[in-house]
Amino acid sequence: MLKVPAFQPLQQPHFRHNLQFSLLQSSTTPEEVTQIHAWTVKTGTFHYPFVSVRLLCLYSDPKINNLHYVRSIFDKTEEHTLFDWNTIIKCYIANCRSNEAILLFNDLLCVSAVMPDNFTLPCVIKGCARLRALEEGKQIHGLILKIGFGSDIYVQSSLVSMYSKCDNIISAQKVFDKITNKDLVLWNSLIDGYARNGRMQMASTLFDEMPHRDSFSWTALIDGYSKCGDITTAQKLFDMMPSRNLVSWNAMINGYMKSGDYNSARRLFNHMSERNIVTWSSMIAGYELNKQFKEALILFQKMMEVNLIPNDASLVSALSAVSGLALVSKGRWLHSYIEKNGFKLDGVLGTSLIEMYSKCGSIESALKVFQAISTKKVGHWTAIIVGLGNHGLASHALDLFTEMRRIGLKPNCITFVGILNACNHAGLVNHGQKYFDMMMNEYQIEPEIEHYGCLVDVLCRAGNLEEAKNIIDEMPIEPNEVIWMSLLSGSKNHKNIEIGEYAARRVIELSSNTIGSFVLLSNMYASLGRWDKVSEVRELMKEKGMRKEPGCSSIEHKGSLHEFIVGDKSHPQKKEIYSKLKEMKERLTCMGHVPDTTQVLLHIEGEKEKEAELENHSERLAIAFGLINVEIGSPIRIVKNLRVCNDCHNVTKLLSQIYSREIIVRDNSRFHHFKNGSCSCMDYW
């Protein structure tokens, strides 16, 4: 706490000024600086140049970094020196507000009598690089040549870096070639540029040519090879690196994660003597990328235990992992942490929260998050539209899409995937075609494979198989296996063997090892009783070493995930579960339920045996567990890895009525909300 004497009007001015100057020189903390700032305003000495300049320096110092006061002092200063302009531009850049820094630079040129120097120019070029503002960067380059800073090494280095980060590597090389005395920073900028652009041969050639190297040189090359998928070369360079820094370790972890080798990434992580938030975030994001959701959440918890404060990136990855497992209680805990610690939801974090609640089956909570975001961006609107569509709430999704357009927000290609998917899940064929045409004609968005996939799927689900086939044949882009699988799935559901076999052949031509096509074809034959054909397909699968993925259902209870497979008897509560299954069967029979044994897609003789196979489906075991353990009044939330069969769908509707329980099931296609004997999908899935 500074001891500031009371203001004495009769005090000699030079004494007061010397005292203020002394205090300004010795102030180091934000509290001390704001105290002396207040005193200068009170004593009327704020406008003395040495006072305002010193305050500007203190507030812009990285230890204090108070952009609000820097701007306030700058605006109250009558005549700005070049030092003032440089300080405020640098402060905006340091606070990642590059757009405003460039606007200030424009003001400097238009309203100021001073000209930028070799401190101003690298700063504002850095801002252009961050924004990938190539055109603005080119204009500043022209100004640099005009005012005589074309040969300044710091300015030239910043230009090479800017062009590299804006993916204009040719211009970066041209600037580099004109420089006579190239320093290490310059070499590193160009190597990093080539590596960023995936041109690893050129990056490697420059690396070999450079006279000296530092840790950045090695790391740029390692990171480049890692991102290109050449993890072997990246590892060789990492092993050769004279002195490994934290950035190089992080680059290797990222590389291994992106190549799918999360075990090697973990080994590196375990051997690190020092880790930062980037290290932890890379590991958590990598596990999530590789669908190792449990590991991602375990590591996130460990990060919290070592008192590291998560950043937006690690929180987004944790929320995605929660979505993968549908652990809504963990998701609510993360939401609470985000709110308590003041994280803003106006960016990707808000989008991730909406997606998390949607994928965990709590669309009401997703809507609350969406409504609470004051400044909603396209990503927020898109996330809620996608969520509502997946939950079968197509009408609400379409209403929000209309509102989004009304307020002037322009939907992007992902928004249209969401709206087409909503039409798909609700069977709105005409609406789907309408929005597909709107995307092209009104917004000039060229349809991508995902858009065609949604359109084909909605036609297939409605039974318009010939029309779907014609669209596929006329597509301007090559259809992928997902589109052919939609046609095959529609053929199975509507028992059209001819088109089904046609689609299956196309899938097998694209990828002969796609197990899903064989399974769907086998199931189509099985549903029609063509067991000879089923045997042929299953024999072909056996020859190729393929195995059908077993049905698996999971349910969260008190923070733990309980998983079940068909006929599972490994659970600690198996006695209670099978007792509940018996009770469920009796009550279903009393309600007049007759099992749909056509859904038994194995060649099993005898109706009783087929009924027994249906009764042991994984979702029924999960429902039994939920009825035993989940408190009355709370929804039973289940995630299944495969599509729910017709019989289980009918059974779950009846169970929701019999036990007066809401049951929410997420299968590999959509969400089903079962309540009072009906389902949100209206039996269309």
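Residues numbered from 1 in each chain as written. Predicted model: local features only at pLDDT ≥ 70, side-chain atom pairs only at ≥ 80, totals over all residues. Heavy atoms only, no water.

**Student:** Looking at this structure, I do not really get the overall build of the chain. What am I missing?
**Tutor:** Helices and strands together make up the secondary structure of the chain, namely 36 helices and six strands. Principal-axis analysis of the C-alpha atoms places the extent of the chain at approximately 105 × 60 × 55 Å. The burial tally for the chain puts 50% of its 685 residues in the buried class. If you take every contact in the chain between residues at least 6 apart in sequence, the share linking residues at least 24 apart comes to 60%. Computed over 75 positive and 74 negative side-chain charges, the separation of the two mean positions in the chain equals 4 Å. (Helix = DSSP H or I, 4+ residues; strand = E, 2+ residues; numbered from the N terminus. Buried < 20%, exposed > 50% of the residue type's maximum accessible area, 1.4 Å probe, protein only. Contact = heavy atoms within 4.5 Å. Lys, Arg positive; Asp, Glu negative; His and termini not counted. Charge placed at Lys NZ, Arg CZ, Asp CG, Glu CD.)

**Student:** Before we go on, may I ask you to explain the sheet that holds strand E6 (residues 678-679) in this structure?
**Tutor:** The strands that make up a sheet pair up through hydrogen bonds in the backbone, lying either parallel or antiparallel. With respect to topology, six strands assemble into an open sheet ordered E2-E1-E3-E4-E5-E6, the strand pairing being mixed. Each having just a single partner strand, strand E2 (560-565) and E6 make up the two edges of the open sheet. Relative to E2, strand E1 (residues 552-557) runs antiparallel, the two sharing six bridges. Note that in E2 the partner of Ser553 across the bridge is Phe564. Across the sheet, helix H36 (residues 646-658) touches strand E4 (663-666), strand E5 (671-675) and E6, and the angle it forms with E5 is around 40°. (Pairing = 2+ DSSP bridges. Axes fitted to C-alpha atoms, helices over the stretch in contact; angles between N-to-C directions.)

**Student:** Explain the packing of helix H21 (residues 348-359) against helix H22 (residues 363-372) to me, please; I cannot follow it from the model alone.
**Tutor:** A packed helix pair is summarised by two numbers, namely the angle formed by the two axes and the spacing between the axes. Where H21 meets H22, the axes come as close as 7 Å, and the angle between the chain directions of the two elements is 165°. Between H21 and H22, the angle is such that the two are roughly antiparallel. Between H21 and H22 lies a crossing whose hand is left-handed. Facing Gly350, Leu353, Ile354, Tyr357 and Ser358 of H21, the residues of H22 in contact are Ile363, Ser365, Ala366, Val369 and Phe370. By residue class, the composition of the contact of H21 with H22 is seven nonpolar, three polar and no charged. (Parallel < 35°, antiparallel > 145°, perpendicular 65-115°, else oblique. Left-handed = near helix turned anticlockwise from the far one by under 90°. Nonpolar A, V, L, I, M, F, W, Y, C, P; charged D, E, K, R; others polar.)

**Student:** Quick question: what am I supposed to make of the side chain of Asp647 here?
**Tutor:** On the secondary structure map, Asp647 appears in helix H36. Within the structure, Asp647 has its side chain in polar contact with the side chain of Arg620 (distance 2.4 Å). (Polar contact = N/O pair within 3.5 Å; in protein donor to acceptor, adjacent residues only side chain to side chain.)

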